[in-house]
Structure formats: structure tokens, C-alpha cells
Amino acid sequence: MTSTVKKAFLKRREYQMMTGIDRTVEAEGRKGFIFTTKNGTPIMTNALNNVLYNIVNAYNREELEADQKQRRKEILMPSISAHTLRHTGCTRMEESGLF
């Protein structure tokens, strides 16, 4: 884990404490999750994937509109998932020599 990621995790934990998000919720024998819903349950992969899907679709819609106005070839984002992000993160850390 990079120091930047660690700082982000600590900041998220601080936010949870300040907003009173329950960090004692247990799922599959684990608790103290960093990425949770407002009631303390872990964010499920499908929920994250839906957020990513909506972000990509919104970007691509705007890009297609800009493409038509500017008469240029659009540059669309590919679909992104939690799985893609995890593997991309690991690849970039390997490329930078962290592993």
C-alpha cells in the first residue's frame, strides 16, 4: 500500500468517526470496513460497479455530444468495474517498482 492510499484510508476512517458511521458491523467474520454505506455495511461490488457504469455512461454521452458539435472523432471510455480497477492498480504498482 502506498503512503497516499494509507492517508486516504485514514481520512475515510476519520470521516466515518465524525459522521457516526457504525464500524462494528460484521460481514463474513470481519468488521472495521473502510468503504461502507451510511449504516456501516460494506459497499457491495455490484453497487460500486453500478456507480462506475453510470460515470462511464455519463462521460460517453457528453463525449458523443461534443464530438458532433466539434466534428471530431469521439474518444469513449471503456466499461470499468471494481475488478478492472483492482487489476489496474496492481499493474501500475508493479510498473512503478512497488512490488
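What this report covers is the structure whose coordinates are included nearby. (Residues numbered from 1 in each chain as written. Predicted model: local features only at pLDDT ≥ 70, side-chain atom pairs only at ≥ 80, totals over all residues. Heavy atoms only, no water.)

1. A short note on the overall build of the protein
A tally of helices and strands in the protein yields three helices and zero strands. Computed over C-alpha atoms, the radius of gyration of the protein comes to 18 Å, more than 25% over the 13 Å expected from 2.2 N^0.38 for 99 residues, which places it beyond the range of a compact globule. Each of the 99 residues in the protein was classed as buried or not, and the buried ones make up 14%. Considering only contacts within the protein whose residues lie at least 6 apart along the sequence, 21% involve residues at least 24 apart. Per element, the accessible surface of the protein, about 8,200 Å² overall, is 57% carbon and sulfur. Here the protein contributes 16 positively and 11 negatively charged side chains, and the mean placements of these two sets differ by 5 Å. (Helix = DSSP H or I, 4+ residues; strand = E, 2+ residues; numbered from the N terminus. Rg over C-alpha atoms; globule rule 2.2 N^0.38 Å. Buried < 20%, exposed > 50% of the residue type's maximum accessible area, 1.4 Å probe, protein only. Contact = heavy atoms within 4.5 Å. Areas by Shrake-Rupley, 256 points an atom, 1.4 Å probe, with all protein chains shown as cover. Lys, Arg positive; Asp, Glu negative; His and termini not counted. Charge placed at Lys NZ, Arg CZ, Asp CG, Glu CD.)

2. Re the side chain of Thr36
By the element assignment, Thr36 lies in the loop between α1 (3-19) and α2 (45-70). Residues in contact with Thr36, not counting those within four places in the same chain, are Arg12, Gln16, Ile21, Thr41, Pro42 and Ile43.

3. A look at the pattern of salt bridges
Tallying each qualifying case throughout the model produces three salt bridges. With a closest N to O distance of 2.5 Å, Arg72 and Glu63 form a salt bridge. Residue class for Arg72 comes out partly exposed when judged on its relative accessible area of 28%. With a shortest N-O distance of 3.1 Å, Lys73 and Glu74 are connected by a salt bridge. By relative accessible area, which is 63% here, Lys73 ends up exposed. Residue Glu74 is classed as partly exposed on the basis of its relative accessible area of 22%. (Salt bridge = Lys/Arg side-chain N within 4 Å of Asp/Glu carboxyl O.)

4. What to know about the packing of aromatic side chains
Within a pair of aromatic rings, the relevant descriptors are the distance that separates the centres and the angle that separates the planes. Under the counting rule described, the total for this entry stands at one aromatic pair. Residues Phe9 and Phe35 carry aromatic rings whose centres are separated by 5.7 Å and whose planes lie at 80 degrees to one another, so their mutual orientation is edge-to-face. In this pair, Phe9 sits in helix α1 while Phe35 sits in the loop between α1 and α2, placing the two residues 26 residues apart along the sequence. A relative accessible area of 48% places Phe35 in the partly exposed class. (Phe/Tyr/Trp six-rings, centres within 6.5 Å; stacked < 30°, edge-to-face > 60°.)

Nothing here speaks to function; it is all geometry.
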